[in-house]
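Overview (structure and organization)
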Number of protein chains: 2
Amino acid sequence: MGLIRSWVESANAAEGPFPLNNLPCGVFSVGQDEPRCGVAIGDFVLDVAGLEEEGLLQLEGGPLLDVPFWNEVMGAGPAVWAALRDRLTALLAEGSAERGAVEPLLHPLAGVALHMPFLVSEYTDFYAGRHHATNVGTMFRGAENALPPNWLHIPIGYNGRASSVVVSGTPVRRPWGQVKGPDHAMPFFQPSRRFDIELEMGAVVGVPSEGPVTVAEADAMIFGYVLLNDWSARDIQAWEYQPLGPFQAKATATTISSWIVTKAALEPFRVPTPPREVPLLPYLHEPGPMLYDIALEVALQPEGGAETVIARTNYAQMYYSAAQQLAHHTTSGCAMNTGDLLGSGTISGPVRESRGSLLELSWGGKEPVAIDGGTRTFIEDNDTLILRGECRGEGYRIGFGDCAGTVIPALADPYAR
Amino acid sequence: MGLIRSWVESANAAEGPFPLNNLPCGVFSVGQDEPRCGVAIGDFVLDVAGLEEEGLLQLEGGPLLDVPFWNEVMGAGPAVWAALRDRLTALLAEGSAERGAVEPLLHPLAGVALHMPFLVSEYTDFYAGRHHATNVGTMFRGAENALPPNWLHIPIGYNGRASSVVVSGTPVRRPWGQVKGPDHAMPFFQPSRRFDIELEMGAVVGVPSEGPVTVAEADAMIFGYVLLNDWSARDIQAWEYQPLGPFQAKATATTISSWIVTKAALEPFRVPTPPREVPLLPYLHEPGPMLYDIALEVALQPEGGAETVIARTNYAQMYYSAAQQLAHHTTSGCAMNTGDLLGSGTISGPVRESRGSLLELSWGGKEPVAIDGGTRTFIEDNDTLILRGECRGEGYRIGFGDCAGTVIPALADPYAR
């Protein structure tokens, strides 16, 4: 399938992130107006809440777009998602008879503010990239213990902090935390000196579940995907994470892209997970390809400097898919809810340039990474980190928009009031 | 301070859990009516939503009780909490002129159903009991590695799953999960054979925060406390928990008591944390006593059998207070919200009979525990586990009500539809 042409001319540009094939879901505001649901199309955002208000869009169980988040649509399930996509495609397609009614609901993207696209219920972060797990395991536990014995059997994950999730563009304040190096007898409380990114994809759960679900059922529950930066304070993490896992090291911020790219838009780009080194238990078997061919990159822009792309990789590098992760998440009977967010785990590839964190890129700080005007081991104050991702179709691309955050200096005294 | 006498005669019984000193917050329903907020008083629940509707109770920013959960009151802060307590105390005190108006809003506890008292935003579980950490550490990692090196410096915690939290009385289905023993080459997917309890207290966050807070500020944010049973599948936990902590082993259910006992009711029972073995960093220093003298017990009742109390301990056994845990939780800048729930960690004492989990009581299954008509290492199907707690004042007690759950058999096939 090639480009679906739209009467929104900018949506037909071959290099643009938001053709009619995409229709990603976001929340925008114009000036001082209240935030509203919209979809990106070319250089515009279409006010879909306005479409619904004006009767141009009717969804079963609606109105579903009269709130400034996508959760009501997400929870409505695949039939509503398909009906919404079909209707928007018809309204925006070249030759649409309804162009005249729709056109006033387009706002230039350059003039809107973007907000959190959905309310996060709970956030789970996984550890499902083999190259990342091997790299980090080697640094934290030595090469002989790099990959934990359970790693090839379980999509290892831990519960993260939903309150940490912020939308692209939100400044991220360098955290304080408790740290202790091997040479010190006692810990210190200080600003993190090894603040890092993790390049991830986030799967957004639409349909809730109560008992265990299969991988196929899990895939059907997923509404779409976002880019996700799991900001990580490595010095805090190293001291706190045994035996119960990362806690404050990961709680400062988790940045997501402003746009949820729907599963329907990603459908042409499905690819299988890599061959298994050891067989998986049947409950993790995939009935079809569940990863996506999404080219990813990380750029670092120092204050006043130019961007440098410091890593390029692909979501297809993951060992476990989001559907496998979600199925595993439900094995215990754990209830999943609309708005649950599942981080993929850091997406590193096999070579240095494809590593998805500075911890790996600089090999624990030992091998600085070249950037515009200098080098980096970990993030410095006022650096901006930008994740980008896109699928490359025939004559069109599916983009996610930027997932960006600038690290601002730590508080001088976190308890000053 | 002794018993505050009430015109509700059953509230004056010396052994009763719900004197006027207590006024715990719950959500109840009568017959097919919608759930409403209430407080327990003697053998009754007082319909406080009704008090507000009828103008007998006016809270700043109200109405706050027109919803079937306490979150609006919890988020309103200490001045509203104090005003509510003062007003209810006046309405219910012996000699109250308003008895006639209040009395029709009393419902016998025996005739109501109790529901979740608040909406859980996020759930964090700690590991702050020294005897428990030492016992479990010894079993999982050997005596020489029992207490992790960070344990005396950090209130170790991990994020749990809010969707797992259920109210007392909710049946708990034995989970399936991935397990592997040391003698097996490959893991199995099967129902848990080592399903366990953890006796904990839960601190309920009322006032939200954004940046780091001091221990004193954290204490002021806490609305009250519940009993909490952190159901744990030990076989799943042992295989999955390295390196990122417990995940599905803890996601089946987390049972809380039906009543939130407010901090005001617990005030007379404050006790300090134990002496520090090594000094804490200043951000964890406590300005005053932050634990409570709460006598706790665990009872096990097999199907058709009698209850046996299998453990007796006290919340004062904890090494870290909930205020310290909450302060630590915010160090990274992690935002805390109204409805966040913090599990204390398992509350074990120094002797076998004071251990707060079957894992410890049976020492990993090696030393069966005597119960009515038999023994237990871990929980068997149709066993009911009941946590109870109370503070013993002069001439009165502060009770929490039962925190109970019956374990029902695992699904025969978790994927049958």
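Looking at an unreviewed UniProt entry, chain A carries the name fumarylacetoacetase, with the source organism given as Paragemmobacter amnigenus. The annotation that UniProt attaches to chain A under Pathway (unreviewed entry) is "Amino-acid degradation; L-phenylalanine degradation; acetoacetate and fumarate from L-phenylalanine: step 6/6."

1. A word on the pattern of salt bridges
Close approach of charged atoms allows side chains with opposite charge to pair. Residue and element names in this part refer to chain B. On inspection of all chains with the given rule, the structure shows 54 salt bridges over all chains. In this structure, Glu367 engages Arg352 in a salt bridge whose closest nitrogen and oxygen atoms are separated by 3.3 Å. Remark: Arg352 occurs in the loop between strand S22 (341-343) and helix H10 (358-361) and Glu367 occurs in the loop between H10 and strand S23 (369-371); sequence separation between them is 15 residues. For the salt bridge of Arg388 with Asp402, the shortest nitrogen-to-oxygen distance reads 2.9 Å. With a gap of 14 residues between them, Arg388 in strand S25 (residues 384-393) and Asp402 in the loop between strand S26 (396-399) and strand S27 (403-408) connect regions that are remote in the sequence. You can call Asp402 partly exposed: its relative accessible area is 35%.

2. Notes on the state of the cysteines
By definition, a disulfide is the covalent link that joins the sulfur atoms of two cysteine residues. Scanning the model with the defined rule gives 0 disulfides over all chains in all. Note on Cys334 of chain A: no disulfide assigned, nearest cysteine sulfur contributed by Cys403 of chain B at a separation of 18 Å. No disulfide involves Cys25 of chain B; its sulfur sits 8.1 Å from the nearest other cysteine sulfur, which is in Cys37 of chain B. By relative accessible area, which is 3% here, Cys25 of chain B ends up buried.

3. A look at the domain arrangement of chain A
All names here are of chain A. Under the domain assignment used here, chain A contains domain 1 (9-115) and domain 2 (123-408). Taken over C-alpha atoms, the centre of domain 1 sits 28 Å from the centre of domain 2. Facing the 28 residues of domain 1 at the interface are 25 residues of domain 2. Summing both partners gives a buried area of about 2,000 Å² for domain 1 against domain 2, and 68% of it is carried by carbon and sulfur. Its largest share of buried area at the contact with domain 2, domain 1 owes to Cys25, Met74 and Trp81, together 28% of the area lost on that side. Counting every contact that joins domain 1 to domain 2 gives 1 salt bridge.

Rules used throughout
- Residues numbered from 1 in each chain as written.
- Chains lettered and ligands numbered in written order.
- Predicted model: local features only at pLDDT ≥ 70, side-chain atom pairs only at ≥ 80, totals over all residues.
- Heavy atoms only, no water.
- UniProt positions renumbered as here; feature names shortened; annotations may be inferred.
- Salt bridge = Lys/Arg side-chain N within 4 Å of Asp/Glu carboxyl O.
- Helix = DSSP H or I, 4+ residues; strand = E, 2+ residues; numbered from the N terminus.
- Buried < 20%, exposed > 50% of the residue type's maximum accessible area, 1.4 Å probe, protein only.
- Disulfide = S-S within 2.5 Å.
- Domains from an automatic or database assignment.
- Contact = heavy atoms within 4.5 Å.
- Buried area = accessible area lost by both parts, 1.4 Å probe.

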